[in-house]
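Working through the structure, step by step
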Amino acid sequence: MKAFFWKGKWSFLTLVLMIVVLFSTGCGFKDIDKRIFVIAVGIDKGTNDKKPYKVTLKLAIPSGGKTSPKPEYTYLTKESETVTEAISILKSHIDKDLEFGHAKVIVFGENIIDQDMRKVMDFFIRRRDFQQISWVAVGKPFAEDVLRAKPSAEMSGANALFNIFSGIGTDSSYIVSTYLFDFRRQMIERGIDPVLPILETNEKEKSIILDKAIVFNGNKGEVKLSPNQTEEYNVLSNKIENINLDVKVDKDDLAFTVFVDKVKVDYKILTPPKQKPILKMNVKMNGIVEESKTLLSPNQIDKYNKLASDEAKKRINNFLTYSQKGGVDPMGFGLRYEATHLHDRDIATEWKQLYPDLKFDVSVKVSIKSVGSIE
Amino acid sequence: MNRYFYYIIIVTMISSVVSIVPSLLFETTEKGAIISMLISLLVGVTFIYLITKFFNKFPGKGFPHLLKQHTPRWISSPLLFIISLIWFTLGLQTLIGYSFLLKRFLTPNIGISWIVITLLLFISFGVLMESKRVLYLVEIILFINLPIIIFIIGKVYTSKGLEWDYVRKSFMYFYHSPNYLAFSASLFIFLGAANLVLFNREFKKRQRMTTLQLVFLSLLGAAILFTTYFIPIGYNGFQNIGNITFPWLLTADSMKVGLAFLERVMYVFLLLYLAVAFLNIIITWHVSVEILKSTVWFKQFKWRQYNLTPYLYILVFWIISLMTANYITEYQFGHYSGYLINFLPPFFLLFLIVCWYIGRREKA
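Residues numbered from 1 in each chain as written. Chains lettered and ligands numbered in written order. Predicted model: local features only at pLDDT ≥ 70, side-chain atom pairs only at ≥ 80, totals over all residues. Heavy atoms only, no water.

Some details on helix H7 (residues 227-236) of chain A
What sets the pattern is the α-helix's 3.6 residues per turn: residues three or four places apart point alike. Residues and elements named next belong to chain A. Extensive coverage of H7 is indicated by the burial of eight of its ten residues. Listed in full, the buried residues belonging to H7 are Gln 229, Thr 230, Glu 231, Glu 232, Tyr 233, Asn 234, Val 235 and Leu 236. Note on H7: the residue one or two positions beyond its end, Asn 238, has a positive phi of about 60 degrees. (Buried < 20%, exposed > 50% of the residue type's maximum accessible area, 1.4 Å probe, protein only. Helix = DSSP H or I, 4+ residues; strand = E, 2+ residues; numbered from the N terminus.)

Okay, here's the thing in structure tokens:
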């Protein structure tokens, strides 16, 4: 038996492999010049009820080397009954195979987010080729306009949208980046509401501005956040790598701005009997002074710390009560409540009654490490 | 114990992460999954302890040999046949599950038969090797893959996408009474030790199972169970985790790894686990074929002086695998796998009783 193995084995294996090669050519593999990469997908509301979805694809056109100054894109747009149908029709509008593996940005138009978003995004979760780590955003006024925008600073080889969200390019703390998987889990889980950034473009489509966000209530986009609130959300939810929060103090005869680059947040929910539930939040911030209208003396730094702390506390309180009044929970306090209380059948309704009465007890400790290069 | 013993256990533990086990566990998230996992940890470690204790008494002897020695033929033959059948089904289950995964995520344009055939080609080659070489194969593949798997698991734990609040929420359900399905699903990861029925033949020196080794194995089992169950919850949320078809694939895809050109880690993950699942199939089918050899052997079925019976087994394996892969749907697959996994605990209880009986006969 052994001898048979040794004699026959290799020739047999070679033969089998050769036959397999004959059969498998051209089976699943398409060359890269037969494919075109979709880098962003936009979904808007269609013009009539029969075609509720308008799908826009942004496709990258490969350009030869660094010679071309601007990246080239082409766009495909189609209105249809379902997203799938729109995409399969669009497949016939181009000679190459649409490849979604690099579609890293998904934009929903502002007019579609008042629908049940679970249905709209189902396609992206169900398909295997969309990355779960693609970024989701809301486009204003339309997703299509945002995709078609050509920011003047965009260079070939680096897509502006990717740069904005990845934090590798700009690292503004006004920018909320939400991954698809994060959006999904927050949407279907009770006790936390998803937040999406709003991408705005101007009439000429020469720039993309991103400094606002929208909080979803249930499955619909509802509560808009101003730039400041967006920043507070970002800082508190610990979502961004590089924090650069500006705390402006304007009191008495002092006016200065603290640049905060390190934040530590922890909170817990207390439910003392016969009292209103309290959310105790401790925030620690480190930073340096970036701008001041008066001379700052380093030995009065405690005073500045206190002023900045009060200011930050005011802002955080504002943000928390704003979302509480709007009936949304972007920070996931409800989730934390369920995560710290034994499960029983009524826990969800219990929290629903508690949340509107929740009192926020925020204590902020800003410590200014330096007053900058000059006093 | 011998280091190869650990390899076999580790292969079973790791490959169950992407198998049907997490899906079955997530069916019972609100029905006592956690307490069942704790019970299965205890039972699993006891199982490993008992089975190693039994086989360590007989260095260099496989279960078929021992069974034939101590029981009449009318008991040993059908029993061995059933054992071989179970091991075959386990391998088949891994093979089909993995082919579905590949079809869905890696090569959607290739037909399922082709995927199964490609896998089977290499698997049959591995199955027909000598037991000792199978062990060497396991060692070398694990040696290549384990570091990267550990790296990815490390990334899973440190990535910002992991939200511990979901995990903590799932803990709040621990007081529900245990569930049999969750118990047998999580017990499944400890069953690798049972491969000793055959591989004990290769362990010719006297082995000892020390307390320290047992503690190590239980810690490893606990860590893998924890990862299998809680990490997908941390990434995908708690409430609707049962709706996800491949929870671990979605989890692997939810992770961003900034490593050179590598950003989306799902495909790396898929290939790594393919290697481990491949080992798992080879081990289980190798055991199956070797046990089958000891009961069903056609002396006359020869070509020149070579007996072709093993090739006949492989042919049967191919036919069954191809037929099942083509006829079964994903839903049915999950359904039947559930039955199979539910059937395993009583089966291994019976197996332990037989072992105990043999051990007593040997003493007397």
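Anyway, onward from the coordinates.
Notes on the packing of helix H6 (residues 112-127) of chain B against helix H14 (residues 309-327) of chain B
Residues and elements named next belong to chain B. Across the interface, H6 lies against H14 with an axial gap of 10 Å and an inter-helix angle of 155 degrees. As the angle between them shows, H6 and H14 are arranged roughly antiparallel. Considering the relative orientation of H6 and H14, their crossing is right-handed. Taking contact as the criterion, the partners of Ile 112, Ser 113, Val 116, Ile 117, Leu 120, Leu 121, Ser 124 and Val 127 in H6 are, on H14, Ile 314, Trp 318, Ser 321, Leu 322, Ala 325 and Asn 326. The class makeup of the residues in the contact of H6 with H14 is ten nonpolar, four polar and no charged. (Axes fitted to C-alpha atoms, helices over the stretch in contact; angles between N-to-C directions. Parallel < 35°, antiparallel > 145°, perpendicular 65-115°, else oblique. Left-handed = near helix turned anticlockwise from the far one by under 90°. Contact = heavy atoms within 4.5 Å. Nonpolar A, V, L, I, M, F, W, Y, C, P; charged D, E, K, R; others polar.)

A word on the confidence of the model for chain A
Chain-level statistics for chain A give a pLDDT mean of 83 and a share of 93% at 70 or above. Within chain A, no element has a lower average pLDDT than helix H1 (residues 2-24) of chain A, which sits at 69, and none a higher one than strand E5 (residues 105-109) of chain A, at 91. (pLDDT = per-residue confidence, 0-100.)

A look at the interface of chain A and chain B
Residue-level contacts link 45 residues of chain A with 44 residues of chain B. Counting the surface lost from both chain A and chain B, the interface buries some 4,200 Å², and carbon and sulfur atoms represent 58% of this. Taken together, the links from chain A to chain B amount to four salt bridges. Among the salt bridges present, the one from A:Glu338 reaches B:Lys169, with a minimum N-O distance of 3.2 Å. Here chain A and chain B share 18 residue pairs in polar contact (both at pLDDT 80 or more) between them. (Buried area = accessible area lost by both parts, 1.4 Å probe. Salt bridge = Lys/Arg side-chain N within 4 Å of Asp/Glu carboxyl O. Polar contact = N/O pair within 3.5 Å; in protein donor to acceptor, adjacent residues only side chain to side chain.)

Some remarks on unusual backbone geometry
Residue and element names in this part refer to chain A. Of note, the amide linkage connecting Lys 140 to Pro 141 takes the cis form, showing an omega dihedral of 0 degrees. For Pro 141, the position within the fold is in the loop between strand E6 (135-140) and helix H4 (143-148). If you check the backbone angles, Lys 274 has positive phi at about 60 degrees while not being a glycine. For Lys 274, a relative accessible area of 88% gives the class exposed.

Considering the pattern of salt bridges
All names here are of chain A. Under the counting rule described, the total for this entry stands at 29 salt bridges over all chains. For Lys 306, the salt bridge identified is with Asp 310, shortest N-O distance 3.3 Å. With Lys 306 and Asp 310 both in helix H8 (residues 301-325) and four residues apart, this pair spans about one turn of that helix. Using a relative accessible area of 33% as the deciding quantity, one classes Asp 310 as partly exposed.

What to know about the nonpolar core
Grouped together as the largest cluster of nonpolar side chains are 145 residues, with contacts concentrated most on B:Phe5, B:Phe63 and B:Trp285. At 19 residues, helix H13 (residues 266-295) of chain B tops the list of elements feeding residues into this core. Among all residues touching B:Phe63, those that are not within four sequence positions of it are B:Phe54, B:Phe55, B:Leu80, B:Ile83, B:Val197, B:Phe351, B:Val354, B:Cys355 and B:Ile358. A:Ile301, A:Ala312, A:Tyr337 and A:Val362 belong to the second largest nonpolar core, which has 50 residues in total. (Core = buried A, V, L, I, M, F, W, Y, C linked by side-chain atoms within 4.5 Å.)

Quick look at the environment of A:Ile32
Mapped onto the elements, A:Ile32 comes out in the loop between H1 and strand E1 (35-45). For the pair formed by A:Ile32 and A:Glu99, sequence separation is 67 residues and the distance between their alpha carbons is 9.9 Å.

Notes on empty space enclosed by the protein
One pass over the full model with this rule turns up four cavities of 30 Å³ or more. Its boundaries defined by the atoms lining it, the largest cavity holds a volume of some 120 Å³. If you go around the largest cavity, the residues you meet are B:Thr12, B:Trp87, B:Leu90, B:Gln93, B:Thr94, B:Phe188, B:Leu191, B:Gly192, B:Asn195, B:Asn280, B:Thr284 and B:Phe348. With four residues, helix H5 (residues 73-106) of chain B is the largest single contributor of residues to the lining of the largest cavity. Residues that form the lining of the largest cavity fall into these classes: five nonpolar, seven polar and no charged. Put simply, the second largest cavity is a space of about 60 Å³. For the second largest cavity, the full set of lining residues is A:Glu232, A:Val235, A:Leu236, A:Leu245, A:Val247, A:Met285, A:Ala312, A:Arg315 and A:Ile316. Taken together, the elements giving at least two residues each to the lining of the second largest cavity come down to H7, strand E11 (245-251) and H8 of chain A. Broken down by class, the residue content of the lining of the second largest cavity amounts to seven nonpolar, no polar and two charged. (1 Å grid on protein atoms, 1.4 Å probe; cavity = no way out; pocket = protein on both sides within 12 Å on 5 of 7 lines; lining within 4 Å. Points joined across faces, edges and corners; volume = space filled by probe spheres on them.)

Quick notes on the confidence of the model for chain B
Interpreting fine coordinate detail is not advised for predicted regions of low pLDDT. Of all residues in chain B, 100% have pLDDT values of 70 or greater, and the mean over the chain is 88. Among the prediction metrics, the complex's ipTM stands at 0.85, with pTM recorded as 0.86.

Focus on the pairing of E6(A)
Residues and elements named next belong to chain A. Within E6, five of the six residues are buried, leaving the element largely enclosed by the surrounding structure. In this sheet, E6 lies alongside E5 in parallel orientation, the contact comprising five bridges. For Val 105, the partnering residue across the bridge sits in E6 and is Trp 135. As for the winding sense of the linkage, the β-α-β connection from E5 through helix H3 (residues 117-126) to E6 is right-handed. Bridge count between E6 and strand E7 (residues 178-179): two bridges; the pairing is antiparallel. (Pairing = 2+ DSSP bridges. Right-handed = clockwise from strand over helix to strand, strands pointing away.)

Some details on a positive patch on the surface
Residues and elements named next belong to chain A. Together, Lys 262, Lys 264, Lys 284, Lys 365 and Lys 369 line one region of the surface with positive charge. Looking at the positive patch, the elements with two or more residues in it are strand E12 (254-270) and strand E14 (359-370). Position of Lys 369 among the secondary structure elements: in strand E14. Note on Lys 369: relative accessible area 58%, which makes it exposed. (Patch = residues over 30% accessible without salt bridge, like charges linked within 9 Å, V, L, I, M, F, W, Y side chains within 5 Å. Areas by Shrake-Rupley, 256 points an atom, 1.4 Å probe, with all protein chains shown as cover. Lys, Arg positive; Asp, Glu negative; His and termini not counted. Charge placed at Lys NZ, Arg CZ, Asp CG, Glu CD.)

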